[in-house]
Amino acid sequence: MITFFNGIGACSIGIHVLLEEAGADFENRIIDLANREQFSPDYRAANPKGKVPAILRQDGSLVTEFPAIALWIGHTYPEARMLPADFEGQLRVIEIMDYMVSSIHMRGFTFIFAPMKFHPDNPSAQEALRAHGRDQVKIGLDNLSESLGDKDWLLGDFTVAEGALFYMTRWCHQHGIEMPDNIRDHHQRMIARPAVQRALRADGLATPEKSGLAA
């Protein structure tokens, strides 16, 4: 069995969804982010980066970073068909996931959620960073909306990239961030999937308000 290091409400819900979609046998190890367990000696011994998500594989090796974990899941569980078989298809999956994680998440949501890390004693600067973050998220979602078009899934077929978009649309729902119509519809399609519902229930996020069912 693999161990999945997960933080409630964090981006790791996207990986949880992919593990459920894959039918993986895993231990869902919750790291208490609110109490900074990610920085505890025990967790740092398992994952020196002190962050989630992370996967401890059956051979004892650790995999970190959302796109890398998602790629591993896609390759390890090919029967789930969440990763194209051809290189070009895989390239496009990595490309769009990296954009979501490195641009929309890191350059957008980071400033919305944690502006105090950059200006701990300056409320007006914090508000400016939140506004900047919201602008970056809007730009990113607009780009994803254009890529999605009228398709059900980002690249046509369901892929591991859907997990990354889902954690972001959950955040949008929770924080009142407007989404383009087709991105909002993508969120609802995700919510309807049994694997997503299992992941939400396991993490205690299955109420309409927490899951986005009312979005």
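Presented here is an overview of the structure given in this document.

1. As for the overall build of the chain
A tally of regular secondary structure across the chain gives nine helices and four strands. Starting at the N terminus and walking to the C terminus, you meet the elements of the chain as β-α-β-α-β-β-α-α-α-α-α-α-α. Whereas a compact globule of 215 residues would reach a radius of gyration of roughly 17 Å, the chain reaches 17 Å, a difference of no more than 12%. A principal-axis box enclosing the C-alpha atoms of the chain has dimensions of 50 × 45 × 35 Å. Counting the 215 residues in the chain, one finds 49% classified as buried. Counting only contacts in the chain whose residues sit at least 6 apart along the sequence, the fraction spanning at least 24 positions is 64%.

2. Examining the packing of helix H1 (residues 12-22) against helix H6 (residues 161-174)
Two numbers describe how H1 lies on H6: the axes approach to 8 Å, and their chain directions differ by 135°. It follows that H1 is oblique to H6 by the angle criterion. The interaxial crossing formed by H1 with H6 has right-handed handedness. Contacts between H1 and H6 involve Ile13, Gly14, Val17 and Leu18 from the first element and Gly163, Phe166, Tyr167 and Arg170 from the second. When its residues are assigned to classes, the contact of H1 with H6 shows five nonpolar, two polar and one charged.

3. A word on the environment of isoleucine 94
Structurally, isoleucine 94 is set in helix H4 (residues 87-113). Looking at isoleucine 94, the relative accessible area reads 30%, which means it is partly exposed. Measuring from C-alpha to C-alpha, the distance between isoleucine 94 and leucine 83 comes to 9.9 Å, with eleven residues separating the pair along the chain. Among all residues touching isoleucine 94, those that are not within four sequence positions of it are Pro67 and Leu71.

Rules used throughout
Residues numbered from 1 in each chain as written. Predicted model: local features only at pLDDT ≥ 70, side-chain atom pairs only at ≥ 80, totals over all residues. Heavy atoms only, no water. Helix = DSSP H or I, 4+ residues; strand = E, 2+ residues; numbered from the N terminus. Rg over C-alpha atoms; globule rule 2.2 N^0.38 Å. Buried < 20%, exposed > 50% of the residue type's maximum accessible area, 1.4 Å probe, protein only. Contact = heavy atoms within 4.5 Å. Axes fitted to C-alpha atoms, helices over the stretch in contact; angles between N-to-C directions. Parallel < 35°, antiparallel > 145°, perpendicular 65-115°, else oblique. Left-handed = near helix turned anticlockwise from the far one by under 90°. Nonpolar A, V, L, I, M, F, W, Y, C, P; charged D, E, K, R; others polar.

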